[in-house]
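# Residue-level structural notes
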Amino acid sequence: MDNLRLFILGFKIMKKLMMKAIVLTVGVYIAVIGVNYVVDPANLYHMSLIDEMVSALSKGKIIETQGDYSQGMLVKGIIDESVESPRTLILGSSQTMYLPWEEIYDGVLVGGLSNAHMGDYYAVLGMVESRGYMPERVVIGVDPWAFYTDALSGSSSVAKYAQYEKKKIEGKEVSLDQLGNESKIKGNLDKIKELVSFPYFQSSITNLRMNGVGFYLHRKGQQVKFAEDGSVGDKMKLMPDCRLIMSFEHFRPIEETEAGIQSMIDSGSLGTLKDGFVDLPIDNLREFEDMVEYLQKKGVEVEIYLPAQHPLVYEFIKNDEGFQGVLKLEKYLRAFGERHEIVVHGSYNPELTEVAPEDFVDGSHLKPDRMLDSYNTIVDFE
Amino acid sequence: MSITSVSYIMFVAASLMIYWKLPVRFQWILLLADSLIFYFLNAKAYTLIYIVISVMSVYAAAIYFDNNRQKDGAGRKKVLTGTIVLNIGILVALKYTNLFISTYNRCLGNRLGLSLENVSWIASLAVSYYTLQLVAYLIDCYLGMAAVERNPLKLLLFTCYFPLMVSGPISRHSQLSVQLFSEHRFDYDRVTRGLRRMAWGMAKKVVVADRLAYVVNYMYNNTDIFSGIWVIISASAFMVELYFDFSGCMDIIIGVSSCFGITLQENFNAPFLSRTVQEFWQRWHITLGGWLRDYVMYPVSRSRLFRKWGKKCKERWGKSGTKIPYYAAMFIVWSLMGLWHGSSWKYMVGEGWFFWSVIVLGQVFEPFFKKQKKVFGIMDDRALWRTFQVCRTFVLAAIGMIPFRAASMTQTLYMIQRLFVPTGIKGPLKSLYSSVWGQFGGKIVFVIVIVLGILQIICDFRQYAGKDVQGIVAGCPWLVRWSLYFILVFSIILAGAFGQSSFIYFGF
């Protein structure tokens, strides 16, 4: 009888302990699951801004751009969602992203990335090819700084596509598995595991500290705002082909633009062009040639676009010893174009494309319609 | 299945729920089942055969001793020797064959063109731990100091009791069998103490040890940068990492056992508060030191051979001569200590001969040091002197542990050499900060690590003073206690380096 009493007493005490253990465990996991779900740094349970932008653009909507987003991941998302290959793929920097390409070509995808270097050309091409697509035409907007780095040193968010493309161009064996599943863990079981995962909780807390609680409390599904049309407005807009529409803010007064340029000239460093270059970067140019030859072998029509520099900037470049590489680069690209039967549009020299200071919105970008005119100008270059 | 993983906690929780519901006479059977399940989840199933061979041989030998108490000693001695040779032989074969092969190749084989290839035998889990346990049990049975276990399954449980299969402690049959096979009633306080201890052990391992590992790994992988005083700093950092890793593991193991109503022996007793290297090893890995003392040191030093040798030394050199066989016996003990830690000569040099040298030199020069202390008026009980002793002991222990962490004997020697190459503080510190800070996890993690470190120091002081370590928490009001529990758990979740290395002493 005593044994039975002891057993029952022990059982009651054990039950009390079990309840406490359950309270502690449940309390902890509620906090972990709650934070993991709300913050969700890898966007497993919420559509990311990129996903929403891609979804809207794929449905033909025009959207307002908001805050920082990865242009590379956006282009990747658009390529993934598209049902067929773009007929014309645009590579380059913001010099190509504002140009109204739809007035010249059909089936355009603007795969430009801000401040694009050659590694970004490789990366976007890699994204397209890894999807099993190949455009009919590739237009490469080549900025003077494009060959400062090699083919594998572009935007880090899409660097692995550059590696993929380089291997394809070199004829090496390459597998899509190497690209991994960078965006999300797809399986439901994996998602549940991450929901209760402590390392994911740590990432969530880090993100929470960086962005603040308010950011996540207000994040409820729709983050993208639609625009009615593609006209210039208060906010920058994005067209379904990933072309950008400038906002009112982009249009700076001429005096302000010229003052800014003069200030840069005085410092000797011209923005992305930095301190300039004298000699052509032969190794990097070789990679560019390899890429173009690879495309041509695939039957792709390649065209090159040289965006006009601001007259004040070009005047400085022409006369400064440290920037002679820019002039050499244009000669080189034209000679390259001639050898490979590639049309070279525009020119770094604003005189040759008849653009004046008032045609620029800021120190480097032409107004979109003048960009089009510049592109359509095939200069007689000596 | 790591013992810091959620799956292990669930395994223990499920076992506990069944354990406390079972009739008490079946509890040990559940523990045996759990131990076998744990074994199969952590080791190749076929390696269990080594354990079975060891258990059956020791079982049979112990039964023989029990049935032949009155018989001729020679026969019993042969059985004892044979069984020890068999079990130690299995340990040596599984763990040290490649050491012998590489040594043979280096010394002879390569020169004669008769080099041997390394073997790829897989050892059973915790072979170094259970072999010592079984040998100790066998010797105790031979000497009549332990009751012979007549149930082979109970002996199997003693051998592979699952918490011990991770990193010990090396338990004696006379102590552990009482714990394993007696009837246990649910004791709320005992179980909660066990759970608290488990949580504390997890914090020590996952937060402090694994975060510190980033720092230690970087310093040991860049010994060119971290020279001069930085060699001492990196050795000390590893010492701290090792302590939190190993003692954290012990806390979890002892905590788990406590939840089952089983008390295990402590393996650490505030080792960093030791004043001499000898005291350090009485407080660090206590059960291994105790085993070597009881089953190697005493038998060897009291053997006929050593007693004869002692007499001869006394005749030749007087009273001080009697120390020679004592030091020789210690040399054997420390050589085994080094060898137990790993199958590489660097362990022999570091964990073995270095500490033997320090202890022997300390004893040899003790009269000289006593004189100097008198001359300078140094009193043993002065706080400053005690602090100096504690720091000195820590640094010596840290230097002795360099080979344990270093990749090889070559790297060990290189680090010792670099000790004498002065380097600035700023440069290496900058390098450490820029390379490791990002991995370390940020300011919050750093603060949590420091706080846990300080709390452990407080626990060590309490333990050193013989006070109950958990008493502070257990005596708090429930609101404070539960707040502390939540803070500790969230500290582990926030600051833990999950997916880091397994325990350093795992499955030796």
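So, here is what we can say about the structure in this document. (Residues numbered from 1 in each chain as written. Chains lettered and ligands numbered in written order. Predicted model: local features only at pLDDT ≥ 70, side-chain atom pairs only at ≥ 80, totals over all residues. Heavy atoms only, no water.)

Residue and element names in this part refer to chain A. As a packed pair, helix α5 (residues 118–130) and helix α6 (residues 159–169) sit with axes 7 Å apart at the nearest point and diverge in direction by 80°. With respect to α6, the axis of α5 lies roughly perpendicular. On the side of α5, the interface is formed by Gly119, Tyr122, Ala123, Leu125, Gly126, Met127, Glu129 and Ser130, while α6 contributes Tyr161, Ala162, Tyr164, Glu165, Lys166, Lys168 and Ile169. Among the residues making up the contact of α5 with α6, the classes are represented as eight nonpolar, three polar and four charged. (Axes fitted to C-alpha atoms, helices over the stretch in contact; angles between N-to-C directions. Helix = DSSP H or I, 4+ residues; strand = E, 2+ residues; numbered from the N terminus. Parallel < 35°, antiparallel > 145°, perpendicular 65-115°, else oblique. Contact = heavy atoms within 4.5 Å. Nonpolar A, V, L, I, M, F, W, Y, C, P; charged D, E, K, R; others polar.)

Let us look at the interface of chain B and chain A. Contact residues are listed per partner, giving 22 residues for chain B and 22 residues for chain A. With both sides pooled, the region where chain B packs onto chain A buries about 2,100 Å², and carbon together with sulfur makes up 80% of that total. For chain B, the biggest contributors to the area lost against chain A are Phe186(B), Tyr188(B) and Ile493(B); these three give 28% of the whole. At the junction of chain B and chain A, the tally comes to zero salt bridges. The tally of links from chain B across to chain A stands at four residue pairs in polar contact (both at pLDDT 80 or more). Those elements that provide at least two residues to the side of chain B that touches chain A are α1 (6–19), α9 (188–221) and α23 (478–495) of chain B. (Buried area = accessible area lost by both parts, 1.4 Å probe. Salt bridge = Lys/Arg side-chain N within 4 Å of Asp/Glu carboxyl O. Polar contact = N/O pair within 3.5 Å; in protein donor to acceptor, adjacent residues only side chain to side chain.)

In this section: the sheet that holds strand β7 (residues 244–245) of chain A. Residue and element names in this part refer to chain A. Ordered in space as β5-β1-β6-β7, the four strands form an open sheet in which the pairing is antiparallel. Sheet topology places β5 (225–227) and β7 at the edges, where each strand pairs with a single neighbour. Strand direction decides the pairing type here: strand β1 (residues 62–64) and β5, joined by three bridges, are antiparallel. For Ile63, the partnering residue across the bridge sits in β5 and is Phe226. In the packing of helix α2 (residues 49–58) onto the sheet, the strands contacted are β1, β5 and β6 (237–238), and the crossing angle to β1 comes to about 150°. (Pairing = 2+ DSSP bridges.)

What follows concerns helix α13 (residues 324–339) of chain A. All names here are of chain A. In this model, α13 (16 residues) spans 23 Å end to end at C-alpha, consistent with the 22 Å of a helix rising 1.5 Å per residue. All buried positions along α13 are accounted for by Gly325, Val326, Leu329, Glu330, Tyr332, Leu333, Arg334, Phe336 and Gly337. Where α13 is buried, its residues contact α11 (282–297), β8 (301–306), α12 (311–319) and β9 (343–346). A positive backbone phi angle near 55° is found at Glu341, which sits one or two residues after α13. (Expected span 1.5 Å × (residues − 1). Buried < 20%, exposed > 50% of the residue type's maximum accessible area, 1.4 Å probe, protein only.)

A word on the pairing of strand β2 (residues 88–91) of chain A. Residues and elements named next belong to chain A. On β2, burial covers both faces: Thr88 and Ile90 on one face and Leu89 and Leu91 on the other are all buried. Strand direction decides the pairing type here: β2 and strand β4 (residues 137–141), joined by four bridges, are parallel. Each bridged residue has a counterpart across the sheet, and for Thr88 the counterpart in β4 is Arg137.

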